[in-house]
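Coordinates in review
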Amino acid sequence: RGAYNKMVNLSEEARAKGVVAASAGNHAQGVALAARKLGVKAKIVMPVTTPGIKVDAVRSYGATVILHGDAFDEAAARARELVEKEGMTFLHPFDDPDVIAGQATMALEIIEQATEPIDYIIVPIGGGGLISGIISVFKQKSPHTKFIGVEPKGAPSMYQSLQEKKRIRLDSIDVFVDGA
């Protein structure tokens, strides 16, 4: 949803040059599928530790996969090099208003399908784009709904950010936390 929304909002010139993303899984697959549907060249930089099933899924959508680094930050640095070298557009997995707006469409569907008022929404937190999009819709259309964000114990960036009342960037995450 997020990747597709970002791509359809790019200029024709930007789409013609292609897109690049860094991801260990979900965003990678979203970018690859959206690129295929829109006829856009896509390169996805994935950490070398990414499970083969995820790499294969991205390739099956037609994207070029580049395995680089042990974690997201190293993959993202390589992706940004491709932006500079090839003029491609970087599609950030969560820190982008168009990506967040695309993720918000999930909340619209939830609200449309609900037959009762929704008291609680439980949302997984990786980078924060999904929960940001969902909250933005619910705050307008169902302001009474409460949110529970869930993240892996081995990658508690949101928890630490809330504790310190500022955005925290983790120095490392547990290797078990793949694609969060």
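The sections below set out a description of the structure shown in this document. It should be emphasised that the depicted structure is a prediction, and the values quoted were computed from it without experimental measurement.

Moving on: the nonpolar core. Membership of the largest hydrophobic core comes to 20 residues, with the highest contact counts inside it found for Met 7, Val 19, Val 31, Ile 44, Met 46 and Val 58. Put simply, the parts of the chain that give this core at least two residues each are helix H1 (2–8), strand S1 (19–22), helix H3 (26–38), strand S2 (42–46) and helix H4 (52–60). A total of five residues in this core trace back to one element, the largest contributor, which is H3. Ignoring any residue separated from it by four or fewer positions in sequence, one finds Val 58 in contact with Ala 28, Gln 29, Ala 32, Ile 44, Met 46, Ala 63 and Val 65. Counting 10 residues, the second largest nonpolar core, distinct from the first, contains Ala 104, Ile 121, Ile 125 and Ile 131.

Time to look at the pattern of salt bridges. Here the structure, examined in full by the defined rule, presents nine salt bridges. Between Glu 13 and Lys 17 there is a salt bridge, with its nearest N and O atoms 3.6 Å apart. Separated by four residues within a single helix, Glu 13 and Lys 17 lie in helix H2 (residues 12–17), roughly one turn from each other. The class for Glu 13 is exposed, based on a relative accessible area of 56%. Across the pair Arg 169 and Asp 73 runs a salt bridge, and its minimum N-O distance is 2.8 Å. With Arg 169 in the segment after helix H8 (157–164) and Asp 73 in helix H5 (residues 72–86), this residue pair connects regions lying 96 residues apart in the sequence. Through salt bridges with shared partners, a single ionic network connects Lys 6, Asp 96 and Asp 98.

Relative orientation of the contacting elements H3 and H4 amounts to 15°, with a least axis distance of 8 Å. On the basis of the axis angle, H3 is roughly parallel to H4. Judged by the sense of rotation from one axis to the other, the crossing of H3 with H4 is left-handed. Of the residues in H4, those touching H3 at Ala 28, Gln 29, Ala 32 and Arg 36 are Lys 54, Ala 57, Val 58 and Ser 60. Residue classes in the contact of H3 with H4 are distributed as four nonpolar, two polar and two charged.

Conventions adopted
- Starting from 1, residues in each chain are numbered consecutively following that chain's sequence as written.
- Two thresholds apply to this predicted model, a pLDDT of at least 70 for residue-level local features and 80 or more for giving and counting side-chain atom pairs, whereas whole-chain, interface and lining totals are computed over all residues.
- Each side-chain value is derived from all of the structure's non-hydrogen atoms; neither hydrogens nor water enter the calculation.
- Joining through side-chain atoms within 4.5 Å is the link that ties buried Ala, Val, Leu, Ile, Met, Phe, Trp, Tyr and Cys residues into a set, and such a set is a nonpolar core.
- Exposure is judged per residue with a 1.4 Å probe applied to protein chains only, and the accessible area is read against the type maximum: over 50% gives exposed, under 20% gives buried, and values in between give partly exposed.
- A run of DSSP states H or I qualifies as a helix once it reaches four residues; a run of E qualifies as a strand once it reaches two. Both are numbered from the N-terminal end.
- The contact criterion used throughout is that any non-hydrogen atoms of two residues lie within 4.5 Å.
- The rule for a salt bridge is simple: a side-chain nitrogen of Lys or Arg has to be within 4 Å of a carboxyl oxygen of Asp or Glu.
- For every element, the axis is a line fit to its C-alpha atoms; helices are fit only across the contacting stretch, and the angle between N-to-C directions ranges from 0 to 180 degrees.
- Working definition: roughly parallel below 35 degrees, roughly antiparallel above 145 degrees, roughly perpendicular at 65 to 115 degrees, and oblique for all remaining angles.
- Each crossing gets its handedness from the near helix: less than a right angle anticlockwise from the far helix is left-handed, clockwise is right-handed.
- The nonpolar class holds Ala, Val, Leu, Ile, Met, Phe, Trp, Tyr, Cys and Pro. Asp, Glu, Lys and Arg form the charged class, and all remaining residues, Gly among them, are polar.

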